[in-house]
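# Residue-level structural notes
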Amino acid sequence: MEELLKSLRVWDTELPAFDPSQAPAAPLPLFVEWFRSAAAAGQTEPHTMSLATVDEDGLPDVRTVMLHGADETGFHFASHAGSAKGRQLAADPRAALGFYWPAQGRQIRVRGDVTAATPEESQADLHVRSTGALAAALVGHQSEVLGSLGELEDASVTAWERAQAEPDAFAPTWTAYALVPREVEFFQGDARRRHIRLRYRAEGSGWVRELLWP
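One structure accompanies this document, and this report is about it. By convention here, each chain's residues receive numbers from 1 onward along its written sequence. Where local features are concerned, this predicted model is filtered to residues with pLDDT of at least 70; where side-chain atom pairs are given and counted, the filter is 80 or more; whole-chain, interface and lining totals use all residues. As a rule here, side-chain values come from all non-hydrogen atoms in the structure, and water together with hydrogens is ignored.

## Describing helix α5 (residues 131-139)
Every buried residue belonging to α5 is among Leu 134, Ala 135, Ala 137, Leu 138 and Val 139, and all of these are buried. Only heavy atoms matter for contacts: two residues are in contact if any of them lie within 4.5 Å across the pair. Secondary structure follows DSSP: runs of H or I at least 4 residues long count as helices, runs of E at least 2 residues long count as strands, and numbering of each begins at the N terminus. Tucked into the core, α5 has its buried residues touching β4 (74-80), α4 (119-127), α6 (149-165) and β7 (174-188). Three labels apply to residues, based on accessible area from a 1.4 Å probe with only protein chains included: buried if under 20% of the type maximum, exposed if over 50%, partly exposed otherwise in between.

So, in structure tokens, the structure goes:
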């Protein structure tokens, strides 16, 4: 394992330049710019992100979820209210997001407070997605113990048939969330390890920008 790890290359590509002195006053425009740049560079699934929460014992928990949008109201994603992350967010709505785009040696870290959308907003979020997404939402039971793969197969077939027949079917536990950022950090990797880290911190009605040592 150790030899394999040593043999792997990091950022085996030309990395983009980043001048933090030219960064905008707020993080959202820079996020959108970097997101578009990652997609144009061929980054696979740039809209996937890590979501970190804590459980009732304070133990960190992390998983990969899909970004549904980013605007002045926050970074948007969705899940089942009864899932592990749904229960954790209900008990402690503080969370963190992590984006990693190795095609450009870039990371973005976001920390803040999460709010749940209304049932109407949550269903609207679901119904603009694919039939497969609706079918998965109708299956439900996320994070619960599964008795067998056959049980999953039966539930999935039933849900898929319903999703095709009822494209507006109601999935009661599906919930849309928005993480309102307190901090957003932009990390630009450098081949000589002179990484650039620019952090935005919410202060009053604006943002404070500061550089961090790599």
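We are not done yet, so read on.
## Focus: the nonpolar core
Taken as a class, soluble globular proteins show a tendency for nonpolar side chains to be buried jointly. Judged by nonpolar contacts, the single largest core of 26 residues is most densely connected at Leu 30, Phe 31, Phe 77, Leu 97, Phe 99, Ile 108 and Phe 186. Once residues lying within four places of it in the same chain are set aside, the contact partners of Phe 99 are Phe 31, Pro 46, Thr 48, Met 49, Leu 67, Phe 75, Arg 106, Gln 107 and Ile 108. If you look at the next biggest cluster of nonpolar residues, it comprises twelve residues, including Leu 126, Ala 135, Val 139 and Ala 169. Here the nonpolar core consists of buried residues drawn from Ala, Val, Leu, Ile, Met, Phe, Trp, Tyr and Cys, with membership extended through side-chain atoms lying within 4.5 Å.

## Examining the pairing of strand β9 (residues 206-212)
Strand pairing is assigned whenever DSSP detects at least two bridges linking the two strands. In the sheet, strand β8 (residues 196-203) pairs with β9 via seven bridges, with the strands oriented antiparallel. Within β9, the position partnered with Arg 197 by the bridge is Leu 212. The hairpin formed by β8 and β9 contains two residues between the paired strands, and Gly 204 there has a positive phi angle of roughly 65°.

## Some thoughts on the side chain of Glu 185
Structurally, Glu 185 can be placed in strand β7. Every residue in contact with Glu 185, bar those within four places of it in the chain, is listed here: Gln 107, Ile 108, Arg 109, Arg 197, Leu 198, Arg 199 and Leu 212.

## Notes on the packing of aromatic side chains
Two rings from Phe, Tyr or Trp (for Trp, the six-membered ring) form a pair when their centres are within 6.5 Å of each other. A pair whose planes differ by under 30 degrees is stacked, one over 60 is edge-to-face, and the rest are tilted. A full pass over the atoms with the stated rule returns 13 aromatic pairs. Note on Phe 186 and Tyr 200: the rings are 5.7 Å apart at their centroids and 70° apart in plane angle, and the pair reads as edge-to-face. Pair noted here: Phe 186 is in strand β7 and Tyr 200 is in strand β8, with a separation of 14 residues, a long-range link. Given a relative accessible area of 0%, Tyr 200 falls into the buried group. Our definition puts a charge over a ring when NZ of Lys or CZ of Arg is within 6 Å of the ring centre and also within 35 degrees of the ring normal. One cation-aromatic arrangement involves Arg 106 over Trp 34; the distance from NZ or CZ to the ring centre is 4.0 Å.

## Focus: helix α3 (residues 84-91)
Of the residues making up α3, those classed as buried are Ala 84, Lys 85, Gly 86, Gln 88 and Leu 89. On the buried face of α3, the contacting elements are β1 (48-54), β2 (60-66), β4, β5 (94-101), β6 (106-116) and β7.

## Looking at the packing of α5 against α6
Packing of α5 against α6 leaves a shortest axis separation of 8 Å and a crossing angle of 125°. Considering their axes alone, α5 and α6 lie oblique with respect to each other. Between α5 and α6 the crossing geometry is right-handed. Residues Thr 131, Gly 132, Leu 134, Ala 135, Leu 138 and Val 139 of α5 form the contact with α6, whose own contacting residues are Ala 155, Ser 156, Ala 159, Trp 160, Arg 162, Ala 163 and Gln 164. Under the grouping applied here, Gly and all other residues not named as nonpolar or charged are polar, the nonpolar ones being Ala, Val, Leu, Ile, Met, Phe, Trp, Tyr, Cys and Pro and the charged ones Asp, Glu, Lys and Arg. Split by residue class, the contact of α5 with α6 holds eight nonpolar, four polar and one charged. Axes, fitted as lines to C-alpha atoms, cover a helix only where it is in contact. Angles between the N-to-C directions of the axes lie from 0 to 180 degrees. Roughly parallel here means an angle under 35 degrees, roughly antiparallel means over 145, roughly perpendicular means 65 to 115, and every remaining angle is called oblique. Rotating anticlockwise by less than a right angle from the far helix to the near helix defines a left-handed crossing, while the corresponding clockwise rotation defines a right-handed one.

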